[in-house]
Amino acid sequence: MNIWEMLAVFVAGISAGTINTIVGSGTLITFPVLLATGLPPVTATVSNALGLIPGSVSGAIGYREELKGQGRRVLKLAVGALIGGLTGATLLLALPSTAFETIVPILVALALVLVILQPRISRAVQRRREHSGAPTHPDGGPLLFAGLMLASVYGGYFTAAQGIIYLSLMGMLLDDTMQRLNAVKNVLAAVVNSIAALFFLFVADFNWTAVVLIAVGSALGGQIGARIGRRLSPTVLRVLIVAVGTAAIVQLLLR
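Residues numbered from 1 in each chain as written. Predicted model: local features only at pLDDT ≥ 70, side-chain atom pairs only at ≥ 80, totals over all residues. Heavy atoms only, no water.

Draft legend 1. Focus on the nonpolar core. Formed by 30 residues in total, the largest nonpolar core has its most connected members in L34, A44, V46, V108, F158 and F200. Mapped onto this core, the elements with two or more residues apiece are helix 1 (3-22), helix 2 (27-36), helix 3 (41-51), helix 6 (71-94), helix 7 (97-131), helix 8 (141-157), helix 10 (178-203) and helix 11 (208-228). Once residues lying within four places of it in the same chain are set aside, the contact partners of V46 are L92, F200, A204, D205 and F206. Within the second largest apolar cluster, 22 residues are counted, among which are A60, L67, V184 and V187. (Core = buried A, V, L, I, M, F, W, Y, C linked by side-chain atoms within 4.5 Å. Buried < 20%, exposed > 50% of the residue type's maximum accessible area, 1.4 Å probe, protein only. Helix = DSSP H or I, 4+ residues; strand = E, 2+ residues; numbered from the N terminus. Contact = heavy atoms within 4.5 Å.)

Laid out in structure tokens, this is it:
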């Protein structure tokens, strides 16, 4: 990487760490930047997963107040996230690279749809809570465990919009505030990134320069996201994610 590419990766890491802490989908920023530096898709994904660990941990620490009283819930859901993340990481390396290059544009497109539909999902969740008189399971029950585990398989394979999927599932199945659910989301993302990265360290190719730049940037971004996340406009974030994600799809299709 030249100095400008390194700067771009570092800035992308800050942006991804910030957005991941607030809503998710930061990979839609780092992934196309890594591709633009010339890294192959699988190497870019592995390097990205390794680099985003400090950002996930930083974001979880920034939301520590919202995590109080949720220890049992977090521990239970983290088990499913760990199993799913390891499965997704295995699939990433088990499938041929041609399959990955075919699947990723579809995954990015689906992630963008989730980003665009997030306001509708939030309103649907709110209406469900207002009209449903049935008690909700404090941990979401087997349905939430299974859903988050499947989402973590996707997260271990390709992390874009993983956090949004988590929030959507928890919002529908848990009776709690979105800020507290967001805190749980940050912990689950940290678990998936960490288990996938640990697996990648031993069996996959990655770029240490990219890993270090994203790691430092995402750690800073995690703190920024935790501090100012409630003040930022979700619409602005969605526009940014959709723009960068669309550029990623175009770049992948033209490779």
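Draft legend 2. Layout of helix 3. Among the eleven residues of helix 3, ten are classified as buried, and the element is accordingly described as predominantly covered. When we look at burial in helix 3, the residues that qualify are P41, T43, A44, T45, V46, S47, N48, A49, L50 and G51.

Draft legend 3. The arrangement of the packing of helix 8 against helix 9 (residues 162-173) in detail. One can describe the packing of helix 8 onto helix 9 by two numbers: an axis separation of 10 Å at closest approach and a directional angle of 175°. Taken together, the axes of helix 8 and helix 9 are roughly antiparallel relative to one another. Contacts from L143, L144, G147, L148, A151, S152, Y154 and G155 in helix 8 reach Q162, I165, Y166, L169, M170 and L173 in helix 9. Class assignment for the residues of the contact of helix 8 with helix 9 results in ten nonpolar, four polar and no charged. (Axes fitted to C-alpha atoms, helices over the stretch in contact; angles between N-to-C directions. Parallel < 35°, antiparallel > 145°, perpendicular 65-115°, else oblique. Nonpolar A, V, L, I, M, F, W, Y, C, P; charged D, E, K, R; others polar.)

Draft legend 4. Region of interest: the confidence of the model for the protein chain. Confidence along the protein chain averages 81 in pLDDT terms, with 84% of residues attaining 70 or more. Ranking the elements of the protein chain by mean pLDDT puts helix 12 (residues 234-254) last, at 69, and helix 11 first, at 91. (pLDDT = per-residue confidence, 0-100.)

Draft legend 5. Layout of empty space enclosed by the protein. In the structure shown here, the tally under the stated rule is two cavities of 30 Å³ or more. When its volume is computed, the largest cavity comes out at roughly 130 Å³. If you go around the largest cavity, you meet 18 residues; those closest to its centre are N20, G24, S56, Q162 and A189. Among the elements of the structure, helix 1, helix 4 (53-62), helix 9 and helix 10 are those that each provide at least two residues to the lining of the largest cavity. When residues in the lining of the largest cavity are grouped by element, the largest group, four residues, is from helix 10. Here the lining of the largest cavity is built from residues that sort into three nonpolar, 14 polar and one charged. The calculated volume of the second largest cavity comes to roughly 40 Å³. Every residue lining the second largest cavity is listed: T45, A49, L92, G155, G156, Y157, T159, N193, A196 and F200. Of all the elements in the fold, those that place two or more residues in the lining of the second largest cavity are helix 3, helix 8 and helix 10. Residues that form the lining of the second largest cavity fall into these classes: five nonpolar, five polar and no charged. (1 Å grid on protein atoms, 1.4 Å probe; cavity = no way out; pocket = protein on both sides within 12 Å on 5 of 7 lines; lining within 4 Å. Points joined across faces, edges and corners; volume = space filled by probe spheres on them.)

Draft legend 6. Looking closely at the pattern of salt bridges. Across all of its chains, the model carries one salt bridge by this definition. One salt bridge connects K68 with E65, and the closest N-O pair in it is separated by 3.0 Å. (Salt bridge = Lys/Arg side-chain N within 4 Å of Asp/Glu carboxyl O.)

Draft legend 7. Representation of helix 2. Burial within helix 2 is extensive, with eight of its ten residues counted as buried. Every buried residue belonging to helix 2 is among T27, L28, I29, T30, F31, P32, L34 and L35, and all of these are buried. Of the residues flanking the end of helix 2, it is G38, one or two places downstream, whose phi is positive at about 105°.

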